[in-house]
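The residues making up each chain are set out below.
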Amino acid sequence: MKLTIIGANGMKFFKQIIILITACLVLGACQQDKTSNKQIIVGTSPGPYSQLFLDAVKPILEKQGYQIKQIDFSDLMQADIALQQGSIDVNVDQHTAYMDAFNQNKKADLIALTHIPTVPTAIYSKRHTNLQAIKKGSAIAVPNDPANAARAYRLLAKAGWITLKPSTNPGMISKNDIKTNPYELNITELDPGNIPRTLSDFDYSVIPGSRAYAAKINPDLALLQEDIIPSFELVVAVRADNAPKAWAQAVKSAYSSAEFKQYMQTHNTKNYWYVPKENN
């Protein structure tokens, strides 16, 4: 019998091989566990869209064996950063225009799985009960973030209070794109979260649907709603590399399912939600 003696260097190499094999087995087990538990981590924000997901979509996914974990964010930017970094799998609180701007500014690769029901931006007032009370010098509050500001100026044009320059990009409208302002409106741009708290300070205020919801403003008090264009429809956002995965397709399918459509028919009273073609 020949006896082979492993030297110190050989023993060290042998231990390294054992450690590497063990690490691979542990990593493989962790990845298998993550796949087998079918967990979806959703980043939620205060507002109607996360609530709609939790009330109507989550039960559909749970019936398919998915576990829904919820992580709350007070700021959509932070939610998108977490989505890009992989800390969460999905969020449902942004429209295409916002997502495109985030991708451009942060060199990110978020994409829309599907468009989803959206609460329109609307004009509200505590001083007036109709739009006909507009007069020269009326004070108007609009959101100051670019995407919602664009929606606001389109809505002021729909009301007939301003006109916009021709060929203006609907998703990039700013105060500089106003062509005529016959009422000489005194327009103030504010953080959209502050507008509901300052309703009494202005003749009219333009409030995004999510902000009106968070402030518990009765949607019946809206004096005029926007005509929603595709770039302002809310979307299910995921990282591009996750889009083909089974869980992502399950989320997409849930929004077009018969069960979801039935939920919307029951709960969309007075056309509170604008429902895109994908969900009809």
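Preceding this paragraph is the structure being described.
Caption draft 1: Structural detail: the pattern of salt bridges. Counted by the stated rule, this structure contains 7 salt bridges. Put simply, R127 and D203 hold a salt bridge, and the shortest N to O gap is 3.4 Å. Of this pair, R127 sits in the loop between β5 (122–124) and β6 (139–143) while D203 sits in the loop between β9 (186–190) and β10 (204–207), placing them 76 residues apart in sequence. Judged by relative accessible area, R127 falls into the partly exposed class, the value being 43%. Residue D203 is classed as buried on the basis of its relative accessible area of 9%. Put simply, D241 and R239 hold a salt bridge, and the shortest N to O gap is 2.9 Å. On the basis of relative accessible area, D241 is assigned to the partly exposed category, the value being 43%.

Caption draft 2: Up close: the pairing of strand β3 (residues 90–95). Burial analysis of β3 places 6 of its 6 residues in the buried class, which makes it a mostly covered element. In the sheet, strand β1 (residues 39–44) pairs with β3 via 2 bridges, with the strands oriented parallel. Residue pairing across strands places G43 opposite N91, the latter belonging to β3. Sheet analysis places β3 next to strand β12 (residues 234–239), joined by 3 bridges and oriented antiparallel. Pairing of H95 across the sheet is with L234, part of β12.

Caption draft 3: Region of interest: the side chain of N91. By the secondary structure assignment, N91 is in strand β3. Polar side-chain contacts of N91 include one of 2.9 Å to the side chain of D80. Once residues within four sequence positions are removed from consideration, N91 is found in contact with G43, L76, A79, D80, L83, V235, V236 and A237.

Caption draft 4: Quick look at unusual backbone geometry. Of note in this structure, K216 is not a glycine but carries a positive phi near 60°. Tracing the sequence through the fold places K216 in the loop between α6 (209–214) and β11 (224–225). A positive phi angle is found at K270, which is not glycine, with a value near 55°. Mapped onto the elements, K270 comes out in the segment after α8 (258–267).

Caption draft 5: Representation of the sheet that holds strand β2 (residues 67–72). Here we have 5 strands laid out as an open sheet, ordered β2-β1-β3-β12-β4, and mixed in their pairing. Each edge of the sheet is formed by a strand with only one pairing partner; in this case those strands are β2 and β4 (110–115). Geometrically, the sheet is characterised by an average inter-axis angle of 35° between neighbouring strands, direction not taken into account. Of the strand pairs in this sheet, β4 and β12 are connected by 4 bridges, and their pairing is antiparallel. Among the inter-strand pairings, L110 is bridged to a residue of β12, identified as R239.

Caption draft 6: Here's a closer look at the nonpolar core. By size, the foremost hydrophobic cluster in this structure holds 30 residues, and its most contacted members are F53, L61 and Y255. Sorting elements by how many residues they give to this core places helix α2 (residues 48–63) first, with 8 residues. Here F53 is in contact with V42, K58, L61, I68, V92, V251 and Y255, once residues within four sequence places are set aside.

Caption draft 7: Structural detail: the sheet that holds β10. Reading across the sheet, the 5 strands line up as β9-β6-β10-β5-β11 and stay open at both edges, with mixed pairing between neighbours. Two strands in the sheet have a free side with no partner beyond their single neighbour: β9 and β11. Alignment of β6 against β9, held across 5 bridges, turns out to be parallel. Looking across to β9, one finds that A141 is bridged to T188. The strands touched by helix α5 (residues 146–158) are β5, β6, β9, β10 and β11; relative to β6, the strand with the most contacts, the crossing angle is about 140°.

Caption draft 8: Examining the packing of α2 against helix α7 (residues 246–255) more closely. Running from amino to carboxyl end, α2 crosses α7 at an angle of 120°, the nearest separation of the two axes being 9 Å. In terms of orientation, α2 and α7 fall into the oblique class. Read as a crossing pair, α2 and α7 show a hand that is right-handed. Two secondary-structure elements touch here, α2 through F53, V57, I60 and L61 and α7 through A250, V251, A254 and Y255. Residues that form the contact of α2 with α7 fall into these classes: 8 nonpolar, no polar and no charged.

Rules behind the numbers
Residues numbered from 1 in each chain as written. Predicted model: local features only at pLDDT ≥ 70, side-chain atom pairs only at ≥ 80, totals over all residues. Heavy atoms only, no water. Salt bridge = Lys/Arg side-chain N within 4 Å of Asp/Glu carboxyl O. Helix = DSSP H or I, 4+ residues; strand = E, 2+ residues; numbered from the N terminus. Buried < 20%, exposed > 50% of the residue type's maximum accessible area, 1.4 Å probe, protein only. Pairing = 2+ DSSP bridges. Polar contact = N/O pair within 3.5 Å; in protein donor to acceptor, adjacent residues only side chain to side chain. Contact = heavy atoms within 4.5 Å. Axes fitted to C-alpha atoms, helices over the stretch in contact; angles between N-to-C directions. Core = buried A, V, L, I, M, F, W, Y, C linked by side-chain atoms within 4.5 Å. Parallel < 35°, antiparallel > 145°, perpendicular 65-115°, else oblique. Left-handed = near helix turned anticlockwise from the far one by under 90°. Nonpolar A, V, L, I, M, F, W, Y, C, P; charged D, E, K, R; others polar.

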